[in-house]
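Okay, here's what each chain looks like letter by letter:
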Amino acid sequence: TASIANLTMAVATVTHATQNKGGTLALSVTDTVGVGWNVTVQSSAMHYSGLYGSTPANDIPAANLSLGTPATPVFVSGQAINVTNGPKAVGTGGVLTAPIKVINANSGYGKGSYTQNLPLTVSIPKNPRQGTYAATLTVTITAGP
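Residues numbered from 1 in each chain as written. Predicted model: local features only at pLDDT ≥ 70, side-chain atom pairs only at ≥ 80, totals over all residues. Heavy atoms only, no water.

**A short note on the side chain of serine 113**
Then, in step 1: Of note, serine 113 is situated in strand S10 (residues 112–124).
Then, in step 2: The class of serine 113 is buried, set by a relative accessible area of 15%.
Then, in step 3: A polar side-chain atom of serine 113 sits 3.0 Å from a polar atom in the side chain of threonine 30.
Then, in step 4: The contacts of serine 113, once residues within four sequence positions are left out, are Val29, Thr30, Val74, Phe75, Val76 and Ser77. (Helix = DSSP H or I, 4+ residues; strand = E, 2+ residues; numbered from the N terminus. Buried < 20%, exposed > 50% of the residue type's maximum accessible area, 1.4 Å probe, protein only. Polar contact = N/O pair within 3.5 Å; in protein donor to acceptor, adjacent residues only side chain to side chain. Contact = heavy atoms within 4.5 Å.)

Structure below.
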């Protein structure tokens, strides 16, 4: 299984300039088989709700959400982390419009529980609608590194 705890970002002030707000996603991965796996993360747009109506024109696109370089995984329980075979951080992040691989384990490794921090940045466009924005993150674990 793989999951990310809900993340609440700091309140942003409406301004006439684009602003970037950061946060950290806490990923948890548990595998009881050890046949190798990888985890990807993708996001929907940040859907607006507030006084101005919930139309797509008021949303912040998924292209405005990006991951930085995934942190090194942390061992919780089970099989220890192997430097070569994992679990290990993958890639350098990117825009969340498509699935981004963030962690993997080769076959015979990753049988246990692990955590990983994922740096998240939201680029808030200038003059956004004042209200609440929420996105859906899709976390997928599949067999194979």
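**Considering unusual backbone geometry**
Then, in step 1: Cis geometry marks the peptide bond from glycine 86 to proline 87, where omega comes out at 0°.
Then, in step 2: Tracing the sequence through the fold places proline 87 in the loop between strand S6 (74–78) and strand S7 (88–89).
Then, in step 3: Of note, the phi angle at asparagine 127 is positive, near 55°, even though the residue is not glycine.

**Some points on the nonpolar core**
Then, in step 1: Core analysis: the biggest nonpolar cluster contains 24 residues, and Leu27, Val39, Leu67, Val102 and Leu118 have the highest contact counts within it.
Then, in step 2: When contributions to this core are tallied by element, the ones reaching two or more residues are strand S1 (2–4), strand S2 (19–30), strand S3 (37–43), strand S5 (65–67), strand S9 (100–105) and S10.
Then, in step 3: Among the elements that make up this core, the one with the highest residue count is S10 (5 residues). (Core = buried A, V, L, I, M, F, W, Y, C linked by side-chain atoms within 4.5 Å.)

**Observations concerning the packing of aromatic side chains**
Then, in step 1: Per the stated rule, a full pass over the model turns up 3 aromatic pairs.
Then, in step 2: With centroids separated by 6.4 Å and ring planes inclined at 40°, the aromatic side chains of tryptophan 37 and tyrosine 114 adopt a geometry described as tilted. Highlighted residues: tryptophan 37 in strand S3 and tyrosine 114 in strand S10, separated in sequence by 77 residues.
Then, in step 3: Given a relative accessible area of 2%, tryptophan 37 falls into the buried group.
Then, in step 4: You can call tyrosine 114 buried: its relative accessible area is 1%.
Then, in step 5: Clustering of aromatic rings is evident, with ring pairs tying together Trp37, Phe75 and Tyr114.
Then, in step 6: Looking at arginine 129, its charged tip hangs above the ring of tyrosine 52, at a distance of 4.5 Å from the centre. (Phe/Tyr/Trp six-rings, centres within 6.5 Å; stacked < 30°, edge-to-face > 60°. Lys NZ or Arg CZ within 6 Å of the ring centre and 35° of its normal.)

**Thoughts on the environment of isoleucine 103**
Then, in step 1: Take isoleucine 103: it is sitting in strand S9.
Then, in step 2: The exposure class of isoleucine 103 is buried, given its relative accessible area of 1%.
Then, in step 3: Counting along the chain gives 32 residues from isoleucine 103 to alanine 71, while the straight-line C-alpha distance between them is 9.2 Å.
Then, in step 4: Residues in contact with isoleucine 103, not counting those within four places in the same chain, are Leu27, Val29, Trp37, Asn38, Val39, Pro73, Pro87, Lys88, Val90 and Gln116.

**Examining the sheet that holds S7**
Then, in step 1: On the basis of which strands lie adjacent, the open sheet formed by 4 strands has the order S7-S9-S3-S12 and antiparallel pairing. Each having just a single partner strand, S7 and strand S12 (137–143) make up the two edges of the open sheet.
Then, in step 2: Here S3 runs beside S12; their pairing, made up of 7 bridges, is antiparallel. Directly across from serine 43, in S12, lies its bridge partner leucine 137. (Pairing = 2+ DSSP bridges.)

Geometric descriptors of this kind do not, in isolation, establish any biological role.
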